[in-house]
Amino acid sequence: MNKSEKIKLNKKYNCKLKDESFDESKPIESTYRKQKFEEYVKLLTKYDILTGLPNSSYFFKKLNNTLEKTKINNKKGAVIYMDIDNYKAINDNWGYCAGDSILKLFSQLINGCIEDGAELARLNGDEFAILVHEFNNIIEIEELCNKIYKELEEPFKVIDDEVHITVSMGISIFPDNSMNADELLRFCDFAMYKSKHKGKCTYTVFNNEILDKYYREALIKSELKNAINNDELDIFYQPQINALNNQIRGMEALLRWSNDKLGNVSPAEFIPIAEKTGDIVNIGNWIIDKALEQAFIWKEKGYKFDHISVNISPIQMKKIDFKENLLNSCAKYDVPPNFFEIEITEGILIDACKEKIELLNEINNNGINIAIDDFGTGYSSLSYLINIPINTLKIDKTFIDNIENYKNKILIRSIINLSKDLKYNIITEGVETKEQVNLLAGLGCNIIQGFYFSKPLPKYEMEALLKNISEMK
Ligand code: C2E
Ligand code: CA
Ligand code: CA
């Protein structure tokens with residue numbers, strides 16, 4: 001028996017909208033039919049027409065009633081919010097009719113999983129919720145979630161294809177998390193996003209840590225909007241040192257953000273948020289401009305270094321004026337393009353389409369250097385090494401951390417040999433000890449960026465270092 005047949009046999013599924021005594025196709029003539037019509041319209045305000053399940057407003061009414069009862073009986077209840085993973089792909093691949101059938105079958109399947117004392121509703125599109133009126137132990141809720149995942153292991157049959165469905169779930173508990181229906185749904189939503197973040201097809205029970213993270217992210221989003229205007233951004237510079245002669249090869253410009261409400265926020269935290277909001281474009285342009293201005297000032301003072309590099313987010317590269325901006329900034333401060341290096345990660349190259357390769361070629365043909373950042377961590381196909389113009393590979397810190405490991409050493413040596421054959425410069429990042437420097441020198445890599453030589457430095461400390469090294473010559 002396939003899944004569709006199994007569901008048809010499930011007596012529990014009862015669509016209230018399929019009232020046989022009312023035939024929509026016939027005109028409303030008699031008082032009887034008028035009355036039936038009014039009843040039908042009333043049902044439509046409560047039930048979803050596709051699945052026959054309670055709709056979102058009726059669900060909220062039910063939830064509020066249950067919350068009222070909870071005040072008296074002191075029982076715990078739960079809202080399990082479900083979102084079908086990649087539902088858009090189902091509509092795109094099989095069409096909207098098939099998408100609708102899946103929603104119907106899905107709702108029937110979930111209805112078959114829940115016991116008396118729980119109710120399913122369709123809130124919106126591919127979002128559903130189960131209201132569990134009461135439970136004694138959270139294990140009961142987890143068992144229900146696992147039962148749903150077990151049932152979903154079997155594919156749905158759509159036309160002649162088999163479609164596998166997974167769901168991400170977020171759970172909030174009353175009265176523990178809240179006694180407010182809106183808030184409970186909002187908490188479910190946060191927990192559901194956490195499930196999506198964990199890789200989908202899983203459930204998450206809401207907790208205060210999720211709430212704190214949400215509020216912090218919301219605050220970062222709003223404060224970041226004015227970070228440039230309020231002069232809150234700064235740049236630290238981390239030198240890249242040639243271990244053979246202790247000279248500075250160049251430096252990487254790294255963003256720093258200090259905010260009244262949030263204190264110092266690490267770029268590892270705020271850059272992904274700025275990428276989500278799109279603010280990374282303005283912030284990215286800001287750091288390119290300021291770093292090149294600073295490079296010009298230091299060159300004017302006669303300090304010796306050959307490169308300044310800036311990290312570039314994939315979002316920036318999508319902007320139509322990206323290349324022009326880079327070249328205009330070089331021209332504005334009279335910095336030769338070959339003095340400037342952009343760092344991109346392998347992630348950018350996963351979908352290295354023709355346009356992207358052309359853009360990188362144009363940038364490189366204009367003299368700007370391209371470095372592959374965090375090399376070896378992006379799980380990307382090495383074939384991009386053939387298509388993309390590359391000047392520098394930056395070997396990621398994770399390789400250096402385990403440099404004592406025999407296989408790791410072989411891997412580093414291979415990357416270094418590959419880079420030499422392909423005429424790439426190599427920089428090793430995250431080098432913290434003398435032993436690591438010596439081992440790397442033995443493997444043929446001498447350009448080091450890491451705490452062993454220097455942490456990222458504020459402008460004045462970087463200037464002092466440049467001055468010292470220039471005077472030593
Ligand atoms: P990244 O580009 O890989 O930068 C290197 C990071 O490693 C820096 O962290 C640096 O402080 C740290 N680091 C360098 N040497 C060592 C070491 O020896 N030991 C340890 N433990 N860490 C070391 P930071 O400055 O916190 O930056 C984190 C990430 O944020 C950067 O990683 C980069 O991906 C991103 N980021 C920073 N500035 C920008 C920017 O202007 N634009 C974009 N798109 N991303 C940026
Ligand atoms: Ca970098
Ligand atoms: Ca890096």
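For every chain, the first residue of the written sequence is number 1, and numbering continues from 1 along that sequence. The order in which chains are written sets their letters, starting at A; the order in which ligands are written sets their numbers, starting at 1. Selection of residues for local features in this predicted model requires a pLDDT of at least 70, selection of side-chain atom pairs for listing and counting requires 80 or more, and totals for whole chains, interfaces and linings are taken over all residues. Excluded from the side-chain calculations are hydrogens and water; all other atoms, namely the structure's heavy atoms, are used.

Attention now goes to the overall build of the protein. Secondary structure summary: the protein contains 19 helices and 17 strands in total. Our radius of gyration looks at C-alpha atoms and nothing else; its globule reference is 2.2 Å times the residue count to the power 0.38. Expected size for 473 residues packed as a compact globule is a radius of gyration near 23 Å; at 30 Å, the protein overshoots this value by more than 25%. The dimensions of the protein, computed from C-alpha atoms along their principal axes, are 100 × 50 × 50 Å. For every residue, the accessible area (1.4 Å probe, protein chains only) is compared with the maximum for its type, and the residue is labelled buried under 20%, exposed over 50%, or partly exposed between those bounds. For the protein, the proportion of its 473 residues judged to be buried stands at 48%. Pairs at least 24 apart in sequence give 69% of the contacts found in the protein among residues at least 6 apart. Per-residue accessibility takes into account occlusion by the displayed protein chains alone, with areas from the Shrake-Rupley method and a 1.4 Å probe. Total accessible area on the protein stands at roughly 24,500 Å², and carbon and sulfur atoms take up 50% of it. Charged-residue counts in this description rest on Lys and Arg as positive and Asp and Glu as negative, His and the chain ends being excluded. Working definition for charges: the position is that of NZ of Lys, CZ of Arg, CG of Asp or CD of Glu. Averaging the positions of the 60 positive and the 71 negative side-chain charges in the protein gives two centres separated by 2 Å. Helix numbers and strand numbers start at the N terminus; a helix is a DSSP run of H or I with at least 4 residues, a strand a run of E with at least 2. Throughout, a contact is declared for two residues whenever any of their heavy atoms are within 4.5 Å.

The next thing to look at is the coordination of the calcium ion (ligand 2). Donor atoms: N, O and S within 2.8 Å of the metal, or within 3.2 Å for Na, K and Ca. Because water is excluded, sites can look incomplete. Surrounding the calcium ion (ligand 2) are the protein donor atoms E252 (OE), N311 (OD1), E343 (OE) and D373 (OD), at 2.2 to 2.3 Å. Distance-wise, the calcium ion (ligand 3) is placed 3.9 Å from the calcium ion (ligand 2), both being coordinated by D373. You can see E252 sitting in strand β9 (residues 247-259) and its partner D373 sitting in strand β13 (residues 369-375), a full 121 residues away along the chain. Here D373 falls in the buried class, since its relative accessible area comes to 8%.

With respect to spatial proximity, 21 residues lie near ligand 1, and among them R256, N311, D373, E432 and F451 are the closest. L255 is positioned such that a nitrogen or oxygen atom in its backbone is 3.1 Å from a nitrogen atom of ligand 1. Between R256 and ligand 1, the recorded distance is 2.9 Å, taken from a side-chain N or O atom to an oxygen atom. Expressed as a share of its isolated accessible area of 800 Å², the protein-covered part of ligand 1 is 79%. For the shell around ligand 1, the secondary structure elements donating two or more residues are β9, α9 (267-277) and β13. Nearness is judged by heavy atoms alone; a residue qualifies as near a molecule or strand once a single heavy atom is within 4 Å of it. Any pair of nitrogen or oxygen atoms within 3.5 Å is treated as a polar contact; in protein, a donor-acceptor pairing is required on top of that, and neighbouring residues in sequence qualify only through side-chain atoms on both sides.

Two strands qualify as a pair provided DSSP detects at least 2 bridges between them. With respect to topology, five strands assemble into an open sheet ordered β2-β3-β1-β6-β7, the strand pairing being mixed. Every interior strand has two partners, whereas the edge strands, β2 (118-124) and β7 (203-205), have only one. On average, each strand axis in the sheet is inclined to that of its neighbour by 20°, with strand direction left out of account. Angles here are taken between N-to-C directions and fall from 0 to 180 degrees, while the axes themselves are lines fitted to C-alpha atoms, restricted in helices to the stretch in contact. Contacting β1 (76-84), β2, β3 (127-135) and β6 (167-174), helix α3 (residues 56-73) runs over the sheet at an angle of about 15° to β3.

Ideal values for angles at a metal depend on the geometry: 109.5 degrees with four tetrahedral donors, 90 or 180 degrees with six octahedral donors. Coordination of the calcium ion (ligand 3) by the protein is provided by D373 (OD), D374 (OD), E429 (OE) and E429 (OE), with metal-donor distances spanning 2.2 to 2.7 Å. Within one chain, the residues donating to the calcium ion (ligand 3) are spaced in sequence as D-D-x54-E. Since its relative accessible area comes to 12%, E429 is described here as buried.

Moving on to the pattern of salt bridges. Put simply, a salt bridge is a Lys or Arg side-chain nitrogen that is within 4 Å of an Asp or Glu carboxyl oxygen. As enumerated under the stated definition, the model contains 24 salt bridges in all. Residues K394 and E343 are paired through a salt bridge, measuring 2.7 Å at the closest nitrogen-oxygen approach. Separated by 51 residues along the polypeptide, K394 in strand β14 (residues 392-395) and E343 in strand β12 (residues 340-345) bring together distant segments of the chain. According to the relative accessible area criterion, K394 is buried, its value standing at 0%. Accessibility expressed as a relative area gives 1% for E343, which makes it buried. What emerges from the salt-bridge pattern is a single network uniting E252, E343, K394 and E429.

Bringing the packing of aromatic side chains into the picture now. Aromatic contacts are taken between Phe, Tyr and Trp rings whose centres are within 6.5 Å, Trp giving its six-membered ring; a plane angle under 30 degrees counts as stacked, one over 60 as edge-to-face, and the others as tilted. In the structure shown here, the tally under the stated rule is 12 aromatic pairs. A ring pair is formed by F190 and Y214, whose centres lie 3.8 Å apart and whose planes are at 25°; its orientation type is stacked. Of this pair, F190 sits in helix α7 (residues 181-197) while Y214 sits in helix α8 (residues 208-224); the two residues are 24 residues apart in sequence, bridging distant segments of the chain. Take F190: its relative accessible area is 10%, and that puts it in the buried class. For Y214, a relative accessible area of 35% puts it in the partly exposed group. Between W257 and F270, the ring centres sit 5.4 Å apart and the planes meet at 75°, which makes this aromatic pair edge-to-face. Here F270 lies in helix α9 and W257 lies in strand β9, a separation of 13 residues in the sequence. Taking the relative accessible area as the measure of exposure, W257 reaches 2% and is therefore buried.

It is worth spelling out the pairing of strand β15 (residues 425-429) at this point. Within β15, four of the five residues are buried, leaving the element largely enclosed by the surrounding structure. Across four bridges, β14 lies against β15 in parallel orientation. Bridging from a neighbouring strand, T392 pairs with N425 of β15. Both β15 and strand β16 (residues 447-449) contribute to a ladder of two bridges, which runs parallel. When the sheet's bridge partners are listed, T428 is paired in β16 with I448. With the strands aimed away from the viewer, a crossover counts as right-handed if its path from the first strand over the helix to the second runs clockwise. After leaving β15, the chain enters helix α18 (residues 434-443) and then returns to the sheet as β16, a path that is right-handed.

On to the nonpolar core, then. To qualify as a nonpolar core, a set must consist of buried Ala, Val, Leu, Ile, Met, Phe, Trp, Tyr and Cys residues joined through side-chain atoms within 4.5 Å. Grouped together as the largest cluster of nonpolar side chains are 78 residues, with contacts concentrated most on W257, F305, I308, F340, I344 and I412. Top element by residues in this core is helix α10 (residues 280-300). It accounts for 10 residues. Apart from the residues lying within four places of it in its own chain, the contact partners of F340 are I288, L292, I308, V310, L326, C330, I368 and N369. Residues I90, L109, A118 and I130 belong to the second largest nonpolar core, which totals 38 residues.

Attention shifts here to unusual backbone geometry. For the bond running from F174 to P175, omega is 5°, close enough to zero to count as cis. Inspection of the secondary structure assignment puts P175 in the loop between β6 and α7. Even without glycine at this site, N246 takes up a positive phi of about 60°. Looking at where N246 falls in the secondary structure, it is placed in the loop between β8 (233-242) and β9. Here N246 falls in the partly exposed class, since its relative accessible area comes to 39%. The phi dihedral of D374 is positive, around 50°, even though this residue is not glycine. Of note, D374 is situated in strand β13.

Shape descriptors only; they carry no functional weight alone.
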